[in-house]
Amino acid sequence: MFYREYQIMNTNTIPFQITSRETRFEETIGIRSPIRMALASVLVAILFLTGPVLGDTISTATPPGMNLSIDPGEDFFSYANYHWVADHPVPEDNKFYTAFEEVKDTVDNRVTNLVEEAASDYDAEKGTPRQLLGSFYRAALNDESNARTGLAPVQDELDEIAGASDRSEIRIVTSNLTARGLDPFFILYIDENPEKRKELVATIEKGDFTIRFPPFYELEFDEAIRVQDLMKEYVTTTFMDQGMDHGLASDAADVVFRIERRMAQAEMGMNTSHANSSEELKAGTYQVEDLNILFPGINWDALLDKSGRPDLEEIYVMNPHYLREIGRILSSEPVEDLKLFLTWRVLQYAAPFATPDMQERYYEFYDVKLSKGEVTPQKDRVFDIMNLYLGNPIAHLYVDRYFSASDKAKAEEIITNIREVMRERVQNLSWMSQETKDIALLKMDYLKEQAGYPEEWGQYRNLTIEDTSYLENMLALTEYFTNGSLQLSGEPSDPDVWYVSPHGVEAHYDLVHNRIIAPAGFLNPPFFDPMVDDAWNYGSFGWVYGHELIHMIDIGGQQYHPDGKKENWWTDSDANQYFHAAWPLIMQVNSTQVLDNLTLNGTQMLIESSADLGGLTLAYHAFLKSRSDSDSLDTPGIDGLTDRQRFFVAFAQAMRGNITDDNLRNVTATEDHPWNEFRVNTIPYHLDPFYEAFPDINQGDTLYLNETDRARLW
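Thresholds applied
- Residues numbered from 1 in each chain as written.
- Predicted model: local features only at pLDDT ≥ 70, side-chain atom pairs only at ≥ 80, totals over all residues.
- Heavy atoms only, no water.
- pLDDT = per-residue confidence, 0-100.
- Contact = heavy atoms within 4.5 Å.
- Pairing = 2+ DSSP bridges.
- Helix = DSSP H or I, 4+ residues; strand = E, 2+ residues; numbered from the N terminus.
- Salt bridge = Lys/Arg side-chain N within 4 Å of Asp/Glu carboxyl O.
- Buried < 20%, exposed > 50% of the residue type's maximum accessible area, 1.4 Å probe, protein only.
- Axes fitted to C-alpha atoms, helices over the stretch in contact; angles between N-to-C directions.
- Parallel < 35°, antiparallel > 145°, perpendicular 65-115°, else oblique.
- Nonpolar A, V, L, I, M, F, W, Y, C, P; charged D, E, K, R; others polar.
- Core = buried A, V, L, I, M, F, W, Y, C linked by side-chain atoms within 4.5 Å.
- Arc of directions from axis to C-beta.
- Phe/Tyr/Trp six-rings, centres within 6.5 Å; stacked < 30°, edge-to-face > 60°.
- Lys NZ or Arg CZ within 6 Å of the ring centre and 35° of its normal.
- Expected span 1.5 Å × (residues − 1).
- Polar contact = N/O pair within 3.5 Å; in protein donor to acceptor, adjacent residues only side chain to side chain.

Turning our eyes to something else, we now look at the confidence of the model for the protein chain. This prediction gives the protein chain a mean pLDDT of 89; 90% of its residues lie at or above 70. Residue range residues 31–61 is modelled with pLDDT below 50. Its contacts to residues more than four positions away, or to other chains, number 118 contacts.

Right, let's get into the pairing of strand β6 (residues 314–317). Direction of pairing for strand β4 (residues 196–206) relative to β6: parallel, over a ladder of three bridges. Paired with Ile 204 across the bridge in β6 is Val 317. One ladder, built from four bridges, connects strand β5 (residues 284–287) with β6; its direction is antiparallel. Residue pairing across strands places Gly 284 opposite Val 317, the latter belonging to β6.

Another point: the pattern of salt bridges. When the charged atoms of two side chains lie near each other, side chains of opposite charge can form a pair. Going through the model one piece at a time under the given rule, you end up with 44 salt bridges. Glu 199 serves as the salt-bridge partner of Lys 196, at 3.7 Å between the closest nitrogen and oxygen. Take Lys 196: its relative accessible area is 37%, and that puts it in the partly exposed class. Lys 448 serves as the salt-bridge partner of Asp 496, at 3.2 Å between the closest nitrogen and oxygen.

Before going further, it helps to spend a moment on the pairing of β4. Remember that side chains alternate between the two faces of the sheet whenever the strand is regular. Alignment of strand β3 (residues 186–193) against β4, held across eight bridges, turns out to be antiparallel. The partner of Glu 192 across the bridge, within β4, is Leu 200.

Moving on, we come to the packing of helix α3 (residues 99–119) against helix α16 (residues 391–402). Their axes nearest at 10 Å, the elements α3 and α16 cross at an angle of 105°. The pairing of α3 with α16 is recorded here as roughly perpendicular in orientation. Here α3 contributes Val 107, Arg 110, Val 111, Leu 114 and Glu 117 to the contact with α16, which in turn contributes Ile 394, Leu 397, Tyr 398, Arg 401 and Tyr 402. Looking at the contact of α3 with α16 residue by residue, the classes come out as seven nonpolar, no polar and three charged.

One open sheet accounts for four strands, arranged β3-β4-β6-β5; its pairing is mixed. On the outer flanks of this sheet lie β3 and β5, each paired with one strand and no other. Here the strands of the sheet are splayed against their neighbours by 40° on average, with no regard to which way each runs.

With that settled, the discussion passes to the nonpolar core. In this structure, Phe 76, Phe 136, Phe 185, Phe 186, Phe 541 and Phe 648 are the most contacted members of the largest nonpolar core, which totals 210 residues. Sort the elements by how many residues they give to this core and helix α9 (residues 246–267) lands first, with 10 residues. Excluding its chain neighbours within four sequence positions, the residues that come into contact with Phe 541 are Ala 411, Ile 414, Ile 415, Ala 518, Phe 522, Leu 523, Phe 527 and Phe 528.

On to helix α6 (residues 155–163). Along α6, the positions that sit buried rather than exposed are Glu 157, Leu 158 and Ile 161. Axial view of α6: buried residues confined to an arc of 100°, hence all on one face. Exposed residues pointing more than 90 degrees away from the buried face of α6 are listed as Asp 156, Ala 162 and Gly 163. Against the buried residues of α6 lie α7 (167–179) and α13 (335–350).

In this section: the packing of aromatic side chains. Here the structure, examined in full by the defined rule, presents 48 aromatic pairs. A centroid spacing of 5.8 Å and a plane angle of 90° characterise the contact between Tyr 79 and Phe 694, whose relative ring orientation is edge-to-face. Taken as a pair, Tyr 79 in helix α2 (residues 76–87) and Phe 694 in the segment after α26 (688–693) lie far apart in primary sequence, 615 residues in all. Its relative accessible area of 6% is what places Tyr 79 among the buried residues. Three or more aromatic residues link up through ring pairs in this structure, and these residues are Phe 76, Tyr 79, Tyr 538, Tyr 620, Phe 623, Phe 647, Phe 648, Tyr 685, Phe 690, Tyr 691, Phe 694 and Tyr 704. Over the aromatic face of Tyr 122 sits the side chain of Arg 138, whose NZ or CZ is 4.2 Å from the ring centroid.

So, about α9. Its 22 residues place the ends of α9 31 Å apart at the C-alpha level, agreeing with the 32 Å of an ideal helix rising 1.5 Å per residue. The N-cap of α9, judged by a side-chain oxygen 3.2 Å from the amide nitrogen of Gly 247 a few residues on, is Asp 245.

Quick look at the structure:
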């Protein structure tokens, strides 16, 4: 959501969310868990090192969680995390719990407090983050007002549908609903043009279905049939609440299912052939003047006129066969059936925001019957919506209180030092050809970082959020986003745009846009703490950043040139030499036992293991470079650890986590990130400085690696 907020707000328009699949193609560090989470939202940090700041140390005791009785040569993960693991079992109904969940919980709690404070301020200046958040939150939780308001905010849309008398008018109504952001069949929004990355283009993608997994409309096994029946029951009950008798409501549910099934079939490519159309259609940029011929049945003039862009020349179509089927649906389905379907789409849009009864039925269907078996608490639902639609004002309040300019400067100092070390080490890589090194260094010149928060905050202009009703505010936001976004079609994209809200908890390398993202929400202990010493921050955040930096030029990064063009820039010789240099790492990972009769797959996990090794290497040497007093690196501090030791313990504690055995088996079989414990118990042993930090680790220890068995990859 933050992309459109940042890009659009200063053009008298609104925030909007990029939904393009390719723009979300990004590599995550995997420290939350080895499983990539699509929504890495927000959240937090427990103060993880206690006590006053004294010199280069921050604690009068051993950092919490450690067990010094464990030999670091036998199990470095447990040496650093034993007590934390014992004190943080996997919560019921969860599959894992890691430092990432700790931070997430903290940020969530902070955001809750910020929003509730804003909601208690009835005198906040109109249009400010506090006013927008406070009014939205109060209205969303005001069940009495929402019950009284009912569906009044969408009554004009319902009346417009009811008043349509023929197919021509149905097409106009459909276009009007799409332009307002209610999206009965497809979504029209702004995105980067995959064919011309530096340009924004109006984009069409499929809309939502009541059953959100399209194959379930077609499959005939027991679970799919159960879900189909539940959907029809849900639609029937909703229509009955609008005054239909059971028979008519049941028939209406059958109509909705039939039309959505056609849509789902088109999305899956099952009904794309047609007697009058044999040409192959591909995702790409289409001229507006050709739309009526290529995609008949849709009133394009009405859609673009209502959207405020009758002058639009190009539209990028994600699934042209799906779009063509929508035109066929509008041309072949009975008019009265189309009116029922459009009515359903408006009711479905309103349901999670309208009366308490409609909200309860909506979440009973999706949360209880189709998902986790219990309704998501009301406040949690509201915060999910606010993070999606009002991420900018939340982030603004979050950064103002929890992440200062000096915090941002500290993180950026670490980034700068690691980048300098990266340049030096790339120039000296033995396995990479000079030709490839030159491109890698050029790609570093183009690399952008987004750390903490943006330099400039967008402003919401002409957006009105009141205490009136939840549904009315959602309509205001939908109209604000939808109308504002298309005004940017054809404009250049902003290379500094933020796709992630600054209070988000994630860190990743964006492969397509060549940037590394580490927002303020992520920059919390144990990943980053401006109050602690450099040894700790380089071992935790420095390693995370270094890991992502390696992805810029590794097997994944080789797919994209510095200018964003998708093309492999490694030579065949580079690839062969890389695998030769990585072989000791592959062999070590292959021999790492996870459970009885289960070991890691070194080839499957090479990219991530390589990035772990590279990240730790870069962070360590950047830490050394930042020190003016290198002679004190091996002097124990008041916590009993030397600075070298603190660096590696910080790395291990950033990877702390618990996981169930069943999920550990699944992760090992399917993921490219090893589970956290095995990342900690493999990677450091390839670094000579690790043995300098812990000189008691010797050849008799299980995890010790002979010098000839250490990968000299980065």
